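# A closer look at the structure
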Amino acid sequence: MSNDNTQAVAAKAMDVVNAGLAKRYRAERRFRAYGMISVGLGMLFLSILLIDIVGKGHTAFFQTQMTFDVFFDPEVIDPQGTGDVEQMRGANYATLLRASLAEIFPEATGRRDRRALNQLISNGAPYKLQRMVMADPSIVGQTLEVEVPASDDADMLQKGYIERDVPEESRRLSDQQLAWMDTLIERGQVAKRFNTAFFTNGDSRDPELAGIWGAAKGSFYMLLVTLGLSFPIGVAAAVYLEEFAPQNRFTDLIEININNLAAVPSIVFGLLGLAVFLNFFGLPRSAPLVGGLVLTLMTLPTIIISSRAALKSVPPSIREAALGMGASRMQTTFHHVVPLAMPGMLTGTIIGMAQALGESAPLLMIGMIAFIVDVPQGFLDPSTVLPVQIYLWADSPERAFLERTSAGIMVLLGFLILMNLFAIMLRRKFERRW
């Protein structure tokens with residue numbers, strides 16, 4: 001009887017165990033399904049976001065151009081015939097374009113009609129004629145075929161963002177302007193070209209002339225300052241705290257503060273930069289130098305934490321072997337430990353630089369939100385950066401700035417992706433597995 005009871009109890013226990021295993025397996029399958037659903041939803045939302053950005057911004061890489069036969073009238077450009085460069089530079093080149101339009105549309109005789117007709121051409125078109133004359137004064141007196149940018153409204157019409165079938169008062173172009181545009185299109189004088197100005201110009205009040213080159217150079221100068229300061233300071237601090245600092249309350253306090261600083265909102269660093277670098281030291285506003293200093297403070301905790309993690313990943317046997325061979329503690333650290341930890345340090349630094357490239361809140365506090373047309377030529381010149389440039393465009397009412405906002409986001413995302421890919425390549429190339 002005892003054997004039968006034992007077998008019955010064992011069988012019952014096995015049934016309980018099997019039932020519990022089946023329950024745990026079902027829970028594991030549900031957890032996997034939840035994880036796959038979460039990943040799928042995340043990828044779906046990310047895809048929707050990227051598709052929306054690309055859909056709105058890809059048209060900014062093309063710009064509507066108009067072609068006219070322009071007579072470089074000497075009476076307008078050089079009325080005295082002296083060939084004075086300054087006089088030719090200050091000539092009214094818009095008059096030449098208006099004359100070309102008047103030849104095509106002689107019926108536009110009233111002031112209002114002429115003004116509406118001239119609004120089809122960009123305000124920057126006369127400057128192209130000026131640059132042509134400055135490059136080759138011999139063209140004065142000749143008639144040349146010139147391609148100039150269309151206005152933002154004409155550009156939006158060509159790209160399909162202005163609907164023709166809505167009432168005239170509900171769109172930015174009148175019926176007469178639409179008729180003029182159709183005539184130019186039929187004559188083959190309107191075409192879309194790759195928008196090189198988007199990559200070579202600075203900011204502008206006219207959307208068709210606005211570009212990212214000034215913001216890109218400002219970001220470049222700012223990141224140079226940030227990298228030149230944050231990398232050596234962050235690595236030196238990590239090496240000291242991990243390899244040389246004694247374990248006491250003071251170092252514990254430093255470590256706690258570093259970890260806390262990594263979670264401080266970025267705008268707080270902007271307030272610190274405003275109080276210290278601008279108000280106390282008197283550094284120039286909107287300068288990449290000040291922006292780099294502010295972002296250095298912001299990225300230092302990230303670089304220190306990642307560098308310490310890289311140093312901790314080096315096996316203790318490396319240190320013990322070097323010390324056993326007679327190397328000093330400093331020689332062990334800088335000849336053996338730091339070179340092995342350097343890939344992790346570089347990866348953390350690049351991630352910190354990518355974070356700094358995408359920051360805008362701290363830069364708003366030091367004046368880098370200003371409208372700046374000129375492309376910066378140095379670290380002390382007024383400038384803006386890509387995130388702030390995107391913010392300024394997003395706040396503009398013109399429809400053409402919407403596509404430039406999305407295009408700027410695409411360029412910024414491209415830089416961030418390249419920086420992260422570079423970090424991954426460094427990790428895979430130099431990573432040591434122990």
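The model shown is predicted, which means the values in this text are computed figures rather than measured ones. (Residues numbered from 1 in each chain as written. Predicted model: local features only at pLDDT ≥ 70, side-chain atom pairs only at ≥ 80, totals over all residues. Heavy atoms only, no water.)

What follows is about the overall build of the protein. Within the protein one finds 18 helices and 3 strands. For the protein, the C-alpha radius of gyration of 32 Å lies well beyond 22 Å, the compact-globule estimate for 434 residues. The C-alpha extent of the protein, read off along each of the three principal axes, is 115 × 65 × 40 Å. Each of the 434 residues in the protein was classed as buried or not, and the buried ones make up 40%. The contacts in the protein between residues at least 6 apart in sequence include a share of 78% that link residues at least 24 apart. Entry remark: accessible area of the protein is about 24,000 Å², with carbon and sulfur atoms responsible for 61%. With 38 positive and 41 negative side-chain charges, the protein shows a separation of 13 Å between the mean positions of the two kinds. (Helix = DSSP H or I, 4+ residues; strand = E, 2+ residues; numbered from the N terminus. Rg over C-alpha atoms; globule rule 2.2 N^0.38 Å. Buried < 20%, exposed > 50% of the residue type's maximum accessible area, 1.4 Å probe, protein only. Contact = heavy atoms within 4.5 Å. Areas by Shrake-Rupley, 256 points an atom, 1.4 Å probe, with all protein chains shown as cover. Lys, Arg positive; Asp, Glu negative; His and termini not counted. Charge placed at Lys NZ, Arg CZ, Asp CG, Glu CD.)

In this structure the tally under the stated criterion is 13 salt bridges. For the salt bridge of lysine 56 with aspartate 52, the shortest nitrogen-to-oxygen distance reads 3.6 Å. Note that lysine 56 and aspartate 52 are positioned in helix H1 (residues 2-57) at a spacing of 4 residues, about one turn of the helix. Accessibility expressed as a relative area gives 34% for lysine 56, which makes it partly exposed. Here the salt bridges share partners, and the residues they tie into one network are Asp155, Lys159, Glu403 and Arg404. (Salt bridge = Lys/Arg side-chain N within 4 Å of Asp/Glu carboxyl O.)

Bringing helix H4 (residues 94-104) into the picture now. For H4, the complete set of buried residues consists of Ala94, Leu96, Leu97, Ser100, Leu101 and Ile104. Each buried residue of H4 sits inside an arc of 165° when the element is viewed along its axis, so together they form one side. If you follow the buried residues of H4, they end up packed against strand E1 (62-71), helix H2 (74-77), helix H5 (111-118), helix H6 (125-135), strand E2 (143-149) and helix H8 (175-186). (Arc of directions from axis to C-beta.)

Our next topic: the nonpolar core. Membership of the largest hydrophobic core comes to 39 residues, with the highest contact counts inside it found for Phe198, Leu363 and Ile366. Per element, the largest residue contribution to this core is 8 residues, and it comes from helix H18 (residues 399-430). Core analysis: the second largest hydrophobic core is formed by 36 residues, Ile104, Leu117, Leu129 and Ile139 among them. (Core = buried A, V, L, I, M, F, W, Y, C linked by side-chain atoms within 4.5 Å.)

Any space left empty among the atoms is revealed by the rolling of a water-sized probe across them. Counted according to the given criterion, the structure contains 1 cavity of 30 Å³ or more. Here the largest cavity defines a volume of roughly 50 Å³. Partitioning the lining of the largest cavity into residue classes produces 5 nonpolar, 6 polar and 2 charged. (1 Å grid on protein atoms, 1.4 Å probe; cavity = no way out; pocket = protein on both sides within 12 Å on 5 of 7 lines; lining within 4 Å. Points joined across faces, edges and corners; volume = space filled by probe spheres on them. Nonpolar A, V, L, I, M, F, W, Y, C, P; charged D, E, K, R; others polar.)

Another point: the layout of surface pockets. If you add up the space inside the largest pocket, you get close to 460 Å³. In this structure, the largest pocket is lined by 20 residues; those nearest its centre are Arg131, Pro149, Ala197, Asn201 and Leu209. Contributing elements (two or more residues each) for the lining of the largest pocket: E1, H6, E2 and helix H9 (197-200). For the lining of the largest pocket, the class distribution of residues is 6 nonpolar, 9 polar and 5 charged. Of the volumes computed, that of the second largest pocket is approximately 290 Å³. Taken together, 13 residues form the lining of the second largest pocket, with Ser219, Phe220, Leu223, Leu224 and Met419 sitting closest to its centre. If you list the elements that add at least two residues to the lining of the second largest pocket, you get helix H10 (213-244), helix H15 (329-357) and H18. For the lining of the second largest pocket, the element with the highest residue contribution is H10, accounting for 6 residues.

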